[in-house]
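Chain by chain, the residues:
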Amino acid sequence: MEISSIFRVRLSLKQRYFLLLCIAAVVIIAHQFTRNHPGRARMKRLEGLRANSSQFTLEKQPFRILGGSVHYFRVPRTYWEDRLLKMKACGINTLTTYVPWNLHEPERGVFDFENDLDLEAYLRIAASLDLWVILRPGPYICGEWDLGGLPSWLLRDQNMKLRTTYSGFTDAVNSFFDEVIKKVVPYQYSQGGPIIAVQVENEYGSYAKDDKYMPFIKEALLSRGITELLLTSDNKDGLKLGGLKGALETINFQKLDINEIKYLDEIQPQKPKMVMEYWSGWFDLWGGLHHVFTAEDMISVVTEILKLNMSINLYMFHGGTNFGFMNGAFAVGLPAPQPMVTSYDYDAPLSEAGDYTTKYHLLRNLFSSYHSQPLPKLPSTQERKAYQSVVVKQHLSLWDSLHSTEGPFKSERPVNMENLPVNNNNGQSYGYTLYETAITSGGTLNSKNNIRDRALVFVDKHFIGVLDYKVQELVVPDGKGSRTLSLLVENCGRVNYGTTLDDERKGLVGDVEFNSHILRDFIIHSLDMKPAFINSLQSTGHWVSMQQQPSFPAFFQAKFYVISSPKDTFIKLPEWTKGVVFINGRNLGRYWSIGPQQTLYVPGPWLQRGGNQVMVFEEQEADGKLQFASSPDYGMTVDVQ
């Protein structure tokens, strides 16, 4: 039969439908294959990023990294593309991001790379925008993130030595790297993907407890298929101890000291020089002021860095938000740790809500001179709205919420949060823990500095005071018979930088004394306030009308309505004291009247058209009203020193 006659065969309707289905299936399979194997869909590349001379080369051509840090885990997934488009339009050619182990492996052996943690999707967006990527997979990331991104369940081991070759740590790292590295290997430059370099650990020169550790991490990357250029990242002092054979050393700073650049040149002559973290702003601590680094000071340093023929990465280009309980704490040079605020705006070129700033426009003007083609047009900004104030309708006492917790647990001695038998024996990572025991008199309660980090103290559910690092004694009033002493202990955020990481267990970490006698026989409730717990509270029958005076601590519930398409907004609670806000089950983070931060960012994609459920956990005082604003209030400012 002639070929032409084959195509003249008349197909039945059923056959045509079947043929169309087959074609569609082939297209879908091909799309999935190229999506999951980006290298297969692109032309073979010859040579990736190299550091064999005083200038980087890519495909053997001179290449300058103009980088910017945007952490996918600090930005709602819906906005990933928006933030990266704005970065591209500023003249940035390389995205850098950390990978937070504690989010990706919340329980030992339980991994999460879905939804807002879909790292592969983030890499695909970067690739689609022709952005290169420097991946910083840790396992330690610092980042003003709880425990520097290390999962708290590691601390269940009383002998744990984090960031060393202690087997309890390396076994856990190997397990995590088995999962995460296999996901990113196909996205390397050599396989057609965007990843041009991978950082080995992070600022290890400032820790440096084990000289075998960095070689272990390097081998852990190489043995799992990492083939791109390896980097390390340290400040000037850390450079002396953080280097690694086979990895290019880079430097971190904010204010230019030419001697630091000379030192970098001395330790690796005829190599490209790069500022891996040029700090575009700074982080804030509760009880402090909001740090700003002037646009003029920033742009003058960036200009000088580029004149020195160096590459640069802006940390941060866009800071985002420490949603939930994920903020870290700072302890270097302080008598006690101070927790970071919820916002990670960082005074960065792109604001917490994705707005352009003076820094952005100055950088765009500067970077444009380092491009041969005009930069892309500026994407439009997200519309925001100050919704009408909402009146709280109901409240629920903390004590009435305990039936929704896992437990309670009885223990003769206090048990720190991480060693509680919860979450499939992974312990409690975040939130609050309630410790209760019996007393039969008044007297003096002494914490022996074993409270991490802050405790509200109650006798028979009546508040009597706060114990923390500064206040370690409280007078307990006299009373008749046996009474219940309750300590609601908050993990305010684990230290993320410094040499004390091994000591970052939370809750009651040792004995507490009452009238010089050690307290025993505790009932312990874990209040990690995960979504399942928050959702279960909504259906409980213990909610009480606001016509009845609330007792604290308490949960407060309200509903507000969005008529049109949801917009970004900021929630503020001017007459509230301290607590946590949940919207539609999502934890927005902590608020605290001591400031500096006075508003919490509410991403529009987390709202829905129609009714939206707001729940607030408040420790001490509430006025029953929730307010909204179209712009943030980060508090009184202070220049970065």
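In the block above lies the structure referred to throughout.
Residues numbered from 1 in each chain as written. Predicted model: local features only at pLDDT ≥ 70, side-chain atom pairs only at ≥ 80, totals over all residues. Heavy atoms only, no water.

A. Here's a closer look at helix 13 (residues 531-538). When helix 13 is considered as a whole, its buried residues turn out to be F533, I534 and L537. Down the axis, helix 13 shows its buried residues gathered within 95 degrees of arc, on one side only. Contacts made by the buried residues of helix 13 are with strand 15 (394-397), helix 12 (398-401), strand 27 (522-527), strand 29 (554-562), strand 31 (578-583) and strand 34 (610-618). (Buried < 20%, exposed > 50% of the residue type's maximum accessible area, 1.4 Å probe, protein only. Helix = DSSP H or I, 4+ residues; strand = E, 2+ residues; numbered from the N terminus. Arc of directions from axis to C-beta. Contact = heavy atoms within 4.5 Å.)

B. Expanded view of unusual backbone geometry. Between G407 and the following residue, P408, the backbone shows a cis peptide bond with an omega angle of 5 degrees. Summarising the element assignment, P408 is placed in the loop between helix 12 and strand 16 (409-411). The amide bond that connects R452 to the next residue, D453, takes the cis arrangement and shows omega of 15 degrees. Tracing the sequence through the fold places D453 in the loop between strand 19 (451-452) and strand 20 (454-459). Phi is positive for D130, which is not a glycine, with a value near 60 degrees. Along the chain, D130 turns up in the loop between helix 5 (119-128) and strand 5 (132-136). Classification of D130 as exposed rests on a relative accessible area of 53%. Unlike most non-glycine residues, M529 shows phi in positive territory, near 55 degrees. Here M529 is to be found in the loop between strand 27 and helix 13. Of the residues examined, M529 reaches a relative accessible area of 3% and is grouped as buried.

C. Layout of the sheet that holds strand 33 (residues 599-602). The four strands lie next to each other as 14-35-30-33, forming an open sheet whose pairing is antiparallel. The open sheet is flanked by strand 14 (390-391) and strand 33, the only strands paired with a single partner. (Pairing = 2+ DSSP bridges.)

D. Structural context of the side chain of R454. With respect to the element layout, R454 can be found in strand 20. A polar contact is formed between the side chain of R454 and the side chain of E619, at a distance of 2.7 Å. When sequence neighbours within four positions are dropped, the list of residues in contact with R454 reads V466, L467, D468, L488, V489, E490, C492, K578, W592, E619 and Q620. (Polar contact = N/O pair within 3.5 Å; in protein donor to acceptor, adjacent residues only side chain to side chain.)

E. Examining the environment of T165 more closely. Among the structural elements, T165 can be located in the loop between strand 5 and helix 6 (167-184). Look past the residues within four positions of T165 in its chain and what remains in contact with it is T170, D210, K212, Y213 and F216. At 2.5 Å, the side chain of T165 and the side chain of D210 are in polar contact.

F. Seen up close, the packing of aromatic side chains. Using the criterion set out here, one finds 36 aromatic pairs in the structure. Note on W286 and W592: the rings are 6.1 Å apart at their centroids and 55 degrees apart in plane angle, and the pair reads as tilted. Note that W286 is positioned in the loop between strand 9 (274-279) and strand 10 (290-292) and W592 in strand 32 (residues 586-592), a separation of 306 residues in sequence. For the pair W286 and W592, a shared accessibility class is recorded, and that class is buried. Joined through ring pairs, the aromatic side chains of W101, W153, F169, F176, F177, Y204, Y207 and Y213 make up one cluster. Lying across the ring of Y344, R74 places its NZ or CZ 3.7 Å from the centre. Looking at R163, its charged tip hangs above the ring of Y207, at a distance of 4.5 Å from the centre. (Phe/Tyr/Trp six-rings, centres within 6.5 Å; stacked < 30°, edge-to-face > 60°. Lys NZ or Arg CZ within 6 Å of the ring centre and 35° of its normal.)

G. A look at the pattern of salt bridges. Applying the stated criterion to the full structure yields 23 salt bridges. A salt bridge links E304 to K307; the nearest nitrogen and oxygen atoms lie 3.8 Å apart. Taken together, the residues E304 and K307, both in helix 10 (residues 295-307) and three residues apart, mark about one turn of the helix. Residue class for E304 comes out partly exposed when judged on its relative accessible area of 35%. The partner of E619 in a salt bridge is K578, with the nearest N and O atoms 3.6 Å apart. (Salt bridge = Lys/Arg side-chain N within 4 Å of Asp/Glu carboxyl O.)

H. How the structure looks around the sheet that holds strand 28 (residues 544-545). The strand order across the open sheet built from six strands is 28-15-29-34-31-32, with neighbouring strands paired in antiparallel fashion. Across the chains shown, the open sheet's two edge strands, defined by having one partner strand only, are strand 28 and strand 32. Here two bridges tie strand 15 to strand 28, and the two strands are oriented antiparallel to one another. Directly across from H395, in strand 28, lies its bridge partner V544.

I. Main features of the environment of P215. Among the structural elements, P215 can be located in helix 7 (residues 213-222). Relative accessible area serves as the criterion here: at 39%, P215 is assigned to the partly exposed category.

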